[in-house]
Amino acid sequence: MLQLYTMYPSYNNIEIPKQHYPSNSDIFKAIELTPFEKIKVVIIGQDPYHGEKQANGLAFSVYKDIKIPPSLKNIYRELNSDLGIPIPTHGDLTKWALQGVLLLNSILTVEPHKPASHRNIGWEEYTDGIVKRINDEKENIVFILWGKYAQEKGEHIDRKKHLIIKSSHPSPFSARRGFLGSKPFSKCNSYLKEKGIEEIDWGIE
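Rules of the game
- Residues numbered from 1 in each chain as written.
- Predicted model: local features only at pLDDT ≥ 70, side-chain atom pairs only at ≥ 80, totals over all residues.
- Heavy atoms only, no water.
- Buried < 20%, exposed > 50% of the residue type's maximum accessible area, 1.4 Å probe, protein only.
- Helix = DSSP H or I, 4+ residues; strand = E, 2+ residues; numbered from the N terminus.
- Pairing = 2+ DSSP bridges.
- Lys, Arg positive; Asp, Glu negative; His and termini not counted.
- Salt bridge = Lys/Arg side-chain N within 4 Å of Asp/Glu carboxyl O.
- Polar contact = N/O pair within 3.5 Å; in protein donor to acceptor, adjacent residues only side chain to side chain.
- Contact = heavy atoms within 4.5 Å.

Caption draft 1: Structural view of the pairing of strand S1 (residues 41-45). Across the 5 residues that make up S1, a large majority, 5, are buried. In S1, alternate side chains face the same way, and those of Val41, Ile43 and Gly45 on one face and Val42 and Ile44 on the other are all buried. For S1 and strand S2 (residues 101-105), the ladder comprises 5 bridges, and the chain directions are parallel. Directly across from Ile44, in S2, lies its bridge partner Leu104.

Have a look at this one:
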């Protein structure tokens, strides 16, 4: 937990409403599982799932016993098309996080059943600080930006130091407008290999 206070900005000024997802123990799960020195890839989401017991602190991820959300289904569909990896039967992306994939939501909490309800309480500035520190102090990071929101979040990333992979969002409303067929996983691994960095095993099970 020390790293939460030393590597990234302070969040002490953020007043988190009492009712929220994910649970207190999972709010910072992304940076706990993927410490600064191990980051290879950053995938940026918007805010946590707002349904009961869905959010587990990792962007796009849910607990193993929870129904796979539509956006994650499309991510798995593209994973299968891109790398031939069998479509997983659960939605827990912990395996990615442990390999150096920072699954970072821009907003780290949400009120139950009210999407985007914790906008503008301070999380955006906090996670902007995380992205800035990664951009400034690391090299050869792959930033995967799905959708307009994530792309705006990453607009100041130094393209001379890092690789940016972007497409439309994997949501069913936009996946066919550029996400499906974009091959983000193979592009990511090709770049890592080129830089002499161990590739990500994108398989889940």
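Caption draft 2: Looking closely at the side chain of Lys138. Looking at the secondary structure, you find Lys138 in the loop between helix H5 (123-137) and strand S3 (142-146). Buried Lys138, no salt bridge; nearest opposite-charge side chain is Glu37, N-O distance 7.0 Å. Here the side chain of Lys138 touches Phe36 through a polar contact of 3.0 Å, landing on its backbone oxygen. Sequence-distant contacts of Lys138, that is, excluding residues within four places in its chain, are made with Phe36, Glu37, Ile39, Arg133, Lys161 and His162.

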